[in-house]
Amino acid sequence: MKCADEKKALAVFEKALAKIKPSPKETERNFEAANHLIKKLEAVVPENVEVALAGSLAKGTDLRGKNEFDIFLLFPRHYPHHEMTMLGLYYARKAFHGMKIESRYAEHPYLQVFHGDYHADIVPAYKIGNIGEKGSSVDRSQLHTAFVNAKLDSEGKSDVRLLKQFMKNFGIYGAETRVEGFSGYLCEILIAHYGSLLGLMEAASSWHEPALDAEGKQDVKLKAKFSSPLIAIDPVDPGRNVAAVVANTSLSRFIFECRRFLANPSEKFFFSEKRKRSLAEIRKAMRGRGTACFAVRFAAPEVVQDVLWPQLKKAAQALKRKLQELDFSVFGLYHWSDGKECVILFEFDRWELPAVRKAVGPSIRFAKDVDAFVKRHSDALNLHIEHDRIVAVEKREETMVRENTFVALCRSPKGLGIPKNMEIVMKDLEAMAAEKLLSEKYREMLSDYFFAKIA
Ligand code: CTP
Ligand code: CA
């Protein structure tokens, strides 16, 4: 799809960019802060370990007010992996002695250091010249920095910043499991592939199961190798799909918003105001729907955020599946956490059922199966034939969703498919009518669920 008003689109980009690109002064201040930390590291590491700035600050694709950066400690390849990471953390602790530091674990251990209003990730890795030398999962980053700086000029970098802001505005920026969206590096390779933001938007508006190879060409062979809604091969590592975590919903939202922007370019696509509804408005909306809304609340398990979110989602889906097996109909489902507490919201459009249920058995052609069915349903209220099938009418165990339905399910969660960490904390869950959540703490979540509407 071509842009309806290219001139307008470019003017919008220019205006939006002025709001998100760090000023020269801010950039100077960022580099000063980064250099301050880099110097401290350089003072403690041996000569064969290189201290290098990485991430969006090093690439010139950071957004205004970001106040965070990534510093890598690059070790020669001959260090054993364990020694490299342990030494890296040791040097970082030594360099930042007396400052606030926290250990973190991604696929790989690293350290977070706080300095004034900044925080920096200090990541130990191997120094490599090409992907063939890779010895740890984070070694690619230095190649990414080099790739982006070689491929994108300042206009391209501006377009990356705009793309990040566009995605942020729709809640699809970031590879964290909470977001399941587009990472900064994915934004960079998309701009590099398509040459400009407008070019990307025009291409994306007609994406269907996009699979982009390192040259940015559509490649059908990739679909056999990777299975994710969006495939984008890492130009520095042909074995990696940079878009592996992008969820279908995030991808679809991006395509949809690109089309809308192209049809009618406006700054609102970069900065839309989310309206948080009042508690009274939410209560009215809840009641007006004629559905039954329940919430369960429990303590968050002590796991990192990137583990918490997929597990919470799985737990919510496991409960939904079970409730649907019981013939209740889940109209909507939403999960939320602030890291300390988790909430799952259920909305039912069928929550009260008659005392009986029908069990449809096999076709009478299958004599053995029919016999087994009859035996299994010997207590049935009716047993009859409908067309070619044997059918039993029996008493239903659960006829209504109540608070206790959730409590009972979570007390004996066997076979539901709730992840172990969640199973443990959910044994102590609190179940309630969703109206009990009507307080300031949950206002944004409830507002997001009951008033979600593409403006
Ligand atoms: N990285 C990656 N894939 C991810 C996350 C990170 O390859 N899913 C690598 C990239 O090389 C990236 C670096 O780790 O440049 C730092 O990650 P991050 O801070 O998440 O991204 P930035 O590019 O710095 O973007 P942002 O502006 O969001 O910080
Ligand atoms: Ca970063």
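These notes cover the structure that comes with them. Every chain begins its residue count from 1, and numbering advances along the sequence as written. To read the labels, note that chains go from A and ligands from 1, taken in the order they are written. Local features in this predicted model are restricted to residues of pLDDT 70 or higher, and side-chain atom pairs are both shown and tallied only at a pLDDT of 80 or more, whereas totals for entire chains, interfaces and linings draw on every residue. Note that water and hydrogens are dropped before the side-chain values are worked out from all heavy atoms of the structure.

The next point concerns the packing of helix α6 (residues 154–169) against helix α8 (residues 197–204). Their axes nearest at 9 Å, the elements α6 and α8 cross at an angle of 45 degrees. On the basis of their axis angle, the class for α6 and α8 is oblique. The segment α6 lies against α8, with D159, L162, L163 and F166 engaging L197, L200 and M201. Throughout this entry, Asp, Glu, Lys and Arg are counted as charged residues, while Ala, Val, Leu, Ile, Met, Phe, Trp, Tyr, Cys and Pro are counted as nonpolar. The remaining residues, Gly among them, count as polar. A breakdown of the residues in the contact of α6 with α8 according to their chemical character gives six nonpolar, no polar and one charged. Axis definition: a line fitted to C-alpha atoms, limited for helices to the stretch in contact. Angles are taken between N-to-C directions and run from 0 to 180 degrees. Starting at the N terminus, helices and strands are each numbered in turn, a helix being any DSSP run of H or I of at least four residues and a strand any DSSP run of E of at least two. With respect to orientation, any angle under 35 degrees is reported as roughly parallel, any angle over 145 as roughly antiparallel, any angle of 65 to 115 as roughly perpendicular, and every other angle as oblique. Only heavy atoms enter the contact rule, under which two residues are in contact if any of them lie within 4.5 Å.

A pair of strands counts as paired when DSSP detects no fewer than two bridges linking them. Examined bridge by bridge, strand β7 (residues 231–234) and strand β8 (residues 237–241) share two bridges and lie antiparallel to one another. Residue pairing across strands places I233 opposite N241, the latter belonging to β8. Remark: two residues form the turn of the hairpin made by β7 and β8, two consecutive strands paired antiparallel.

In this section: the pattern of salt bridges. Here, a salt bridge means any Lys or Arg side-chain nitrogen found within 4 Å of an Asp or Glu carboxyl oxygen. Summed over the entire model, instances satisfying the criterion amount to 31 salt bridges. Between R287 and E435 there is a salt bridge, with the nearest N and O atoms lying 2.8 Å from each other. On the criterion of sequence distance, the pair formed by R287 in helix α11 (residues 279–288) and E435 in the loop between β15 (430–433) and α16 (440–451) is long-range, its members being 148 residues apart. The exposure class assigned to R287 is exposed, which follows from its relative accessible area of 55%. The buried label applies to any residue whose accessible area, calculated with a 1.4 Å probe on protein chains only, is under 20% of its type's maximum; exposed applies above 50%, and partly exposed to all values in between. Overall, E435 belongs to the partly exposed group, its relative accessible area being 31%. The network of salt bridges with shared partners includes K15, K19 and E267.

Attention now moves to the environment of P109. Topologically, P109 is positioned in strand β4 (residues 109–115). On the basis of relative accessible area, P109 is assigned to the buried category, the value being 14%. A sequence separation of 13 residues divides P109 from I122, and the C-alpha atoms of the two residues are 9.5 Å apart. The residues touching P109, leaving out its near neighbours within four places in the chain, are T85, L89, R104 and P124.

Moving on: the site of ligand 1. Proximity is defined per residue: if any heavy atom of the residue lies within 4 Å of a molecule or strand, that residue is considered near it. G55, S56, K59, K66, D70, S141, H144, K164, Y173, A175, S183 and R240 make up every residue found near ligand 1. Polar contacts here mean pairs of N or O atoms no more than 3.5 Å apart (in protein, one a potential hydrogen donor and the other a potential acceptor; neighbouring residues in sequence count only if both atoms are side-chain atoms). With respect to ligand 1, the side chain of H144 contributes an N or O atom lying 2.6 Å from an oxygen atom. Contact between ligand 1 and R240: a nitrogen atom at 3.1 Å from a side-chain N or O atom of the residue. The fraction of the free accessible surface of ligand 1 (560 Å²) that becomes covered by protein chains is 75%. Of all elements in the fold, only α3 (55–59) and α5 (140–151) reach the threshold of two or more residues within the shell around ligand 1. Each accessible area is a Shrake-Rupley estimate made with a 1.4 Å probe; only the visible protein chains count as cover when residues are assessed.

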